[in-house]
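One-letter residues, chain by chain:
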Amino acid sequence: MLKIFINISLIFFLAFYSLSPIVSRAYAANTNEEDVLTLEDALTIAKENNKTLQAEYYQMQSAKETYIQALGYRLPNITGSLDYERIRPMSTNNVSYGSRDNFSYSLDASQLLYDFGATNSYIQSAYHSYKQSEKQYLDTLRQIEYQVKQSYLSVLSAEQLYDTAKEGLDLANLVLKYTQSEFNVGLVARSDVLSAEVEVQNAKISLLNAQNQIKVNLANLANVLGYDPRKNFTIAQIAYNMAPKQIKTGFADEIFSIALKNRPDIAAAVEGIEAAKYTLKNLKSSLYPKINLVGDYSRSDSKFPPENYSWFYGITATITFFNGGQNISKIRQEEDILNSLIKTKDNLENSVKLAVWTDILNLNNAYSTFELSDAAVKSALENLKVNEAQYREGLNSIIDLTTARNNYISAKNQRIINEYNYYLSLAALERDVGVKFLNVENY
């Protein structure tokens, strides 16, 4: 009866696991369903808490303030001063012969009239530098989002591998019970029991390693989210709702266009080029006069309030005739910087196309290997059932049964890894296209 029960249990166990759907499941660090963290939640939390992103945000705000300061050059510059001094004349023999107070205050104003576009170019350069910092912030966010997806998928994959390790241990225990019952009635040798015991211990080690990998991956995810790596939380069972699907390579040009349009680093490069152009204009304008309207009103006297006053207004023009060729050198330097930025942008666009094309190839390869590994799991499961039946009839050895079990577990692990590689390739494609989520059904 024990033999029959173990055989039925083994068959039921194999059938149950073979029918389990291939889904990304989460490791539950706690059981509070209200605290389940979806991938979208994780992306939002990382945007709020990630320290790298916060540092980039403050750099963007600094560039914004620089632009606001630049706008002030279009407005009048008004300064005022108030002075008081007490003068005490002394003779050569250090004898004081009276003291006198002096009071004065003044108000000065200066307004730029014309500088051949230098000020406007400076303002525009500051503006595009600010917009460049905005795009750089978005580019950092793009990278952080990929890190979140990568870490999130790693946790889900580790949980699946943990389940497979647990299944492997359960299978090893069933084989050990069956082998022990066969040994008790003299049908198998003691070495078969020892081999089965070794497989149980190995399965326990695999289970412990899988459990530790979940904890490590959770710590990595917590770190990307800006949490303490020891924080406990639960993530959702599914990262992507879409099933694996190939992308037709004929859509590559369309996806390239989306990437060139959406990539924030390309947009940042464009803004950097515009900033350099206006900086160059500003330097060229420095070769021409700067014309200002100036005025002054002041009062001074030995008593307060002062009664003697004076005022003036007029127009000033300033120009640098010679400074050792510094201005010309700066202009040439900025021209070289501008040309370098243009070439860097062109190279970046080519790099983006290469990255996107590589992602498409990796995605389609991951899909193909996933399909093949799914078939391999079915074959390995069937082979395990056959070997179990043959071992029960004495037609093969414990080594054959153990090999069949290990091949089945290995096939399941490979299917999990290939599924993870597919979704990781999809996340990489989303990163390189510059979108948060890409609907592969459209391609």
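These lines cover the structure that appears in this document, whether it is placed above or below. Because the structure is predicted, anything quoted here is derived from the model rather than measured. (Residues numbered from 1 in each chain as written. Predicted model: local features only at pLDDT ≥ 70, side-chain atom pairs only at ≥ 80, totals over all residues. Heavy atoms only, no water.)

A tally of regular secondary structure across the chain gives 9 helices and 6 strands. Computed over the C-alpha atoms, the radius of gyration of the chain is 38 Å, more than 25% above the 22 Å expected from 2.2 N^0.38 for a compact globule of 443 residues. Considering only C-alpha atoms, the chain reaches an extent of 130 × 60 × 40 Å along its principal axes. Here the chain holds 443 residues, and 39% of them are scored as buried. Here the chain holds 43 positive side-chain charges and 49 negative ones, and the gap between their average locations is 3 Å. (Helix = DSSP H or I, 4+ residues; strand = E, 2+ residues; numbered from the N terminus. Rg over C-alpha atoms; globule rule 2.2 N^0.38 Å. Buried < 20%, exposed > 50% of the residue type's maximum accessible area, 1.4 Å probe, protein only. Lys, Arg positive; Asp, Glu negative; His and termini not counted. Charge placed at Lys NZ, Arg CZ, Asp CG, Glu CD.)

Right, let's talk about unusual backbone geometry for a bit. A cis amide bond links Phe304 with the next residue in sequence, Pro305, at an omega value of 0°. Checked against the element boundaries, Pro305 lands in the loop between β5 (290–301) and β6 (308–318). Its identity as a non-glycine residue notwithstanding, Phe116 has a phi of 60°, on the positive side. Along the chain, the position of Phe116 falls in the loop between β3 (100–114) and α4 (118–184). With relative accessibility at 36%, the residue Phe116 sits in the partly exposed group.

This part takes up the layout of surface pockets. In this structure, the largest pocket spans a volume of roughly 380 Å³. Every element with two or more residues in the lining of the largest pocket is listed here: β3, α4, α7 (264–285) and β5. Split into classes, the residues belonging to the lining of the largest pocket amount to 7 nonpolar, 11 polar and 2 charged. (1 Å grid on protein atoms, 1.4 Å probe; cavity = no way out; pocket = protein on both sides within 12 Å on 5 of 7 lines; lining within 4 Å. Points joined across faces, edges and corners; volume = space filled by probe spheres on them. Nonpolar A, V, L, I, M, F, W, Y, C, P; charged D, E, K, R; others polar.)

A separate point is the pattern of salt bridges. Enumeration according to the criterion identifies 17 salt bridges in this entry. For the salt bridge of Arg263 with Asp432, the shortest nitrogen-to-oxygen distance reads 3.9 Å. Taken together, the positions of Arg263 in the loop between α6 (252–262) and α7 and Asp432 in helix α9 (residues 398–433) put the pair 169 residues apart, joining distant regions of the chain. Residue Asp432 is classed as buried on the basis of its relative accessible area of 6%. Note that Asp432 and Arg431 form a salt bridge whose closest N and O atoms lie 3.1 Å from each other. A cluster of three or more residues bridged by salt bridges with shared partners is formed by Asp139, Arg142, Arg263, Asp265, Arg431 and Asp432. (Salt bridge = Lys/Arg side-chain N within 4 Å of Asp/Glu carboxyl O.)

Counting residues in each nonpolar core, the largest one holds 60 residues, and the members touching the most others are Val148, Tyr152, Tyr240 and Val356. Counting residues per element, the ones that place at least two in this core are α2 (39–49), α4, α5 (190–224), α6, α8 (326–392) and α9. The leading source of residues in this core is α4, at 13 residues. Every residue in contact with Tyr240, bar those within four places of it in the chain, is listed here: Leu39, Lys149, Leu153, Tyr423, Leu426, Ala427, Glu430 and Phe437. Listed in part, the 15 residues of the second largest apolar core include Val175, Leu384, Ile409 and Ala411. (Core = buried A, V, L, I, M, F, W, Y, C linked by side-chain atoms within 4.5 Å. Contact = heavy atoms within 4.5 Å.)

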